[in-house]
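Remarks on the overall topology
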Amino acid sequence: MSNRYELARLPNGMHAYLELNSINKILQDKGLGANGSAQAFHTNNVMQRMVKYMPYLTGATIKIMIAQTNVNNPYITIDVPYAKFLYYGKLMIDPQLNAAGFLTEEGWRSRKGVNKVKSERDITYTKTKHPLAGPYWDKRLWQAEGKALTGKLQEFIRRGAK
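A brief look at the structure comes next. (Residues numbered from 1 in each chain as written. Predicted model: local features only at pLDDT ≥ 70, side-chain atom pairs only at ≥ 80, totals over all residues. Heavy atoms only, no water.)

1. A word on the nonpolar core
Grouped burial of nonpolar side chains is what soluble globular proteins tend to show. The condition that has to hold: Nonpolar core, defined: a set of buried Ala, Val, Leu, Ile, Met, Phe, Trp, Tyr and Cys residues in which side-chain atoms within 4.5 Å join the residues together. Buried residues are those whose accessible area, probed at 1.4 Å on protein chains only, stays under 20% of the maximum for their type, while exposed residues exceed 50% and partly exposed ones sit between those limits. Under the scheme used here, helices are H or I runs from DSSP no shorter than 4 residues and strands are E runs no shorter than 2 residues, and both carry numbers assigned from the N terminus. Whether two residues are in contact is decided by their heavy atoms: any pair within 4.5 Å suffices.
Membership of the largest hydrophobic core comes to 19 residues, with the highest contact counts inside it found for M50, M54, M65, I78, W137 and L141. Mapped onto this core, the elements with two or more residues apiece are α2 (37-50), α3 (60-68), α4 (83-88) and α5 (137-158). Contacts of L141, omitting those with residues within four sequence positions, involve V46, R49, M50, Y53, G146 and L149.

As structure tokens, then:
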């Protein structure tokens, strides 16, 4: 949809018009609308940078995030049962044992069929591969790299996101 405005009538009888696209059309054409290229760029940039703030033991959580996230949407998805407690940084425990599990000759185990509950105890993250790992990955990223994220998005838009 466009809006057409008459600017002037010239002495020779000609008319001068200004024709403008709607704001939504302009945003869409520039890649700034929902599901636009700027959104995809930003979601992908956030996801790539956020990885270093996430715990890393096997890399499975990161691989799941990459597989489940549609960069055209403004959401990063990690839909696995353990992601929530990793994100919030609180240990989930067996309410009867008051512990996450117990040590056996075969290694750590949990009682079968027991729903764990969130405790107030903080998770101790392994920081061998990701020294910046901790809870609230998105907030930690924004705190440390918010200006860089904003700058990269502005640069992408200035280059003519499409």
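Read on, since the account is not over.
2. Some points on the packing of α2 against α5
Inclusion rule: Between the N-to-C directions of two axes lies an angle of 0 to 180 degrees, each axis being a line fitted to C-alpha atoms and, for a helix, fitted only over the stretch in contact. Left-handed is the label given to a crossing in which the near helix is rotated counterclockwise from the far helix by less than a right angle, and right-handed is the label when the rotation is clockwise. Amino acids are sorted into nonpolar (Ala, Val, Leu, Ile, Met, Phe, Trp, Tyr, Cys and Pro), charged (Asp, Glu, Lys and Arg) and polar (every other residue, Gly among them).
Interhelical geometry of α2 versus α5 gives an angle of 145 degrees and a closest axis separation of 10 Å. Judged by the twist between their axes, the crossing of α2 over α5 is right-handed. In this structure, α2 contributes S37, A38, F41, H42, N45, V46, R49 and M50 to the contact, and α5 contributes W137, D138, L141, E145, A148, L149, K152, L153, F156 and I157. For the contact of α2 with α5, the class distribution of residues is 11 nonpolar, 3 polar and 4 charged.

3. Structural notes on the pattern of salt bridges
Operational definition: What makes a salt bridge here is a side-chain nitrogen of Lys or Arg within 4 Å of a carboxyl oxygen of Asp or Glu, nothing more.
The tally for this structure, following the rule as stated, stands at 6 salt bridges. Taking the shortest distance from any N to any O, the salt bridge between K52 and E145 comes out at 3.3 Å. Remark: E145 occurs in helix α5 and K52 occurs in the loop between α2 and α3; sequence separation between them is 93 residues. Assessed through its relative accessible area of 11%, E145 is described here as buried. Close ionic contact of K90 with D122 constitutes a salt bridge, the shortest N to O distance being 2.5 Å. Highlighted residues: K90 in strand β3 (residues 90-93) and D122 in strand β6 (residues 117-122), separated in sequence by 32 residues.

4. A look at the packing of aromatic side chains
Condition: What counts as a ring pair is set by centres within 6.5 Å for rings of Phe, Tyr and Trp (its six-membered ring), and what kind of pair is set by the plane angle: stacked under 30 degrees, edge-to-face over 60, tilted for all other angles.
Counted under the stated rule, the structure contains 5 aromatic pairs. With centroids separated by 5.3 Å and ring planes inclined at 70 degrees, the aromatic side chains of Y87 and Y136 adopt a geometry described as edge-to-face. Residue Y87 is found in helix α4, and its partner Y136 is found in the loop between β6 and α5; the two are separated by 49 residues along the sequence. Owing to a relative accessible area of 16%, Y87 belongs among the buried residues under this scheme. Accessibility expressed as a relative area gives 33% for Y136, which makes it partly exposed. Taken together, a centroid distance of 5.4 Å and an interplanar angle of 85 degrees make the contact between Y87 and W137 edge-to-face. Note that Y87 is positioned in helix α4 and W137 in helix α5, a separation of 50 residues in sequence. Here Y87 matches W137 in class, with each residue buried. Three or more aromatic residues joined by ring pairs make a cluster, and in this case those are Y87, Y88, Y136 and W137.

5. Topic: the environment of I64
As for its placement among the helices and strands, I64 is situated in helix α3. Excluding residues that lie within four positions of it along the chain, I64 makes contacts with T77, I78, V80 and Y82.

It is worth stressing that arrangement in space is one thing and function is another; only the former is reported here.
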